[in-house]
Amino acid sequence: MSAVDRWEDALRRVGFGARGRPLPHDLRDTLNKLGEIRNVLLHRMGRIDQKALDAVDEGPWRDIGEEVIIDRQLYRRYVAALWTFSEELVDRLSTQIFGDQPRFATNSWRDNVPAGG
């Protein structure tokens, strides 16, 4: 199961799944790639493995065993994706608990790099 599918499954179980407002495909894709890189950093001592190479087609690494180094452009993309997903969760909470309208547009996620990101 992909990273986003695992997260969405857990959120759905507690009543905060995506209701009629699914994440854009490219945002899901970026979050899933980030999930693979996270696994490499935490479980493979930062060395790319075949599973990650198959899943992540961006980044400078091309061979099994290469060290994963996230450049500035990739870092900004990952930060934008994570920040957007966190804002989506805030929107889900506020719409379901308080009846507010969503305030955040997930389709413009690539522009969502916080200051300093």
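Scroll up to find the structure this text is about.
Throughout what follows, the structure given in this document is the object of discussion. (Residues numbered from 1 in each chain as written. Predicted model: local features only at pLDDT ≥ 70, side-chain atom pairs only at ≥ 80, totals over all residues. Heavy atoms only, no water.)

**Quick word on helix α2 (residues 25–43)**
Applicable threshold: Helix and strand assignments come from DSSP, with helices taken as H or I runs of at least 4 residues and strands as E runs of at least 2, each series counted from the N terminus. Expected helix span is given by 1.5 Å per residue-to-residue step, counting one fewer step than there are residues. In this scheme, a residue with accessible area under 20% of its type's maximum is buried, one over 50% is exposed, and one in between is partly exposed, where area comes from a 1.4 Å probe on protein chains only. Whether two residues are in contact is decided by their heavy atoms, any of which lying within 4.5 Å being enough.
Here α2 spans 27 Å end to end across 19 residues, near enough to the 27 Å set by a 1.5 Å rise per residue. For α2, the set of buried residues is L27, T30, L31, K33, L34, G35, E36, I37 and V40. Buried residues belonging to α2 abut α1 (3–13), α3 (50–55) and α4 (72–98). Looking one or two places after α2, you find M45, whose phi comes out positive at around 55°.

**A word on the environment of Y75**
Considering the arrangement of structural elements, one finds Y75 in helix α4. The partly exposed category is assigned to Y75, whose relative accessible area is 45%. With 41 residues separating them along the chain, Y75 and L34 place their C-alpha atoms 9.8 Å apart.

**So, the packing of α1 against α2**
Which entries qualify depends on this criterion: Lines fitted to the C-alpha atoms define the axes, with helices restricted to the stretch that makes contact. Angles between their N-to-C directions range from 0 to 180 degrees. Orientation categories follow fixed angle ranges, with anything under 35 degrees roughly parallel, anything over 145 roughly antiparallel, 65 to 115 roughly perpendicular, and all other angles oblique. Residues are grouped as follows: nonpolar covers Ala, Val, Leu, Ile, Met, Phe, Trp, Tyr, Cys and Pro; charged covers Asp, Glu, Lys and Arg; every other residue, Gly included, is treated as polar.
At their nearest, the axes of α1 and α2 sit 7 Å apart, and the two run at 105° to each other. Viewed along their axes, α1 and α2 adopt a mutual orientation that is roughly perpendicular. The segment α1 lies against α2, with A3, V4, D5, W7 and E8 engaging R28, L31, N32 and G35. Partitioning the contact of α1 with α2 into residue classes produces four nonpolar, two polar and three charged.

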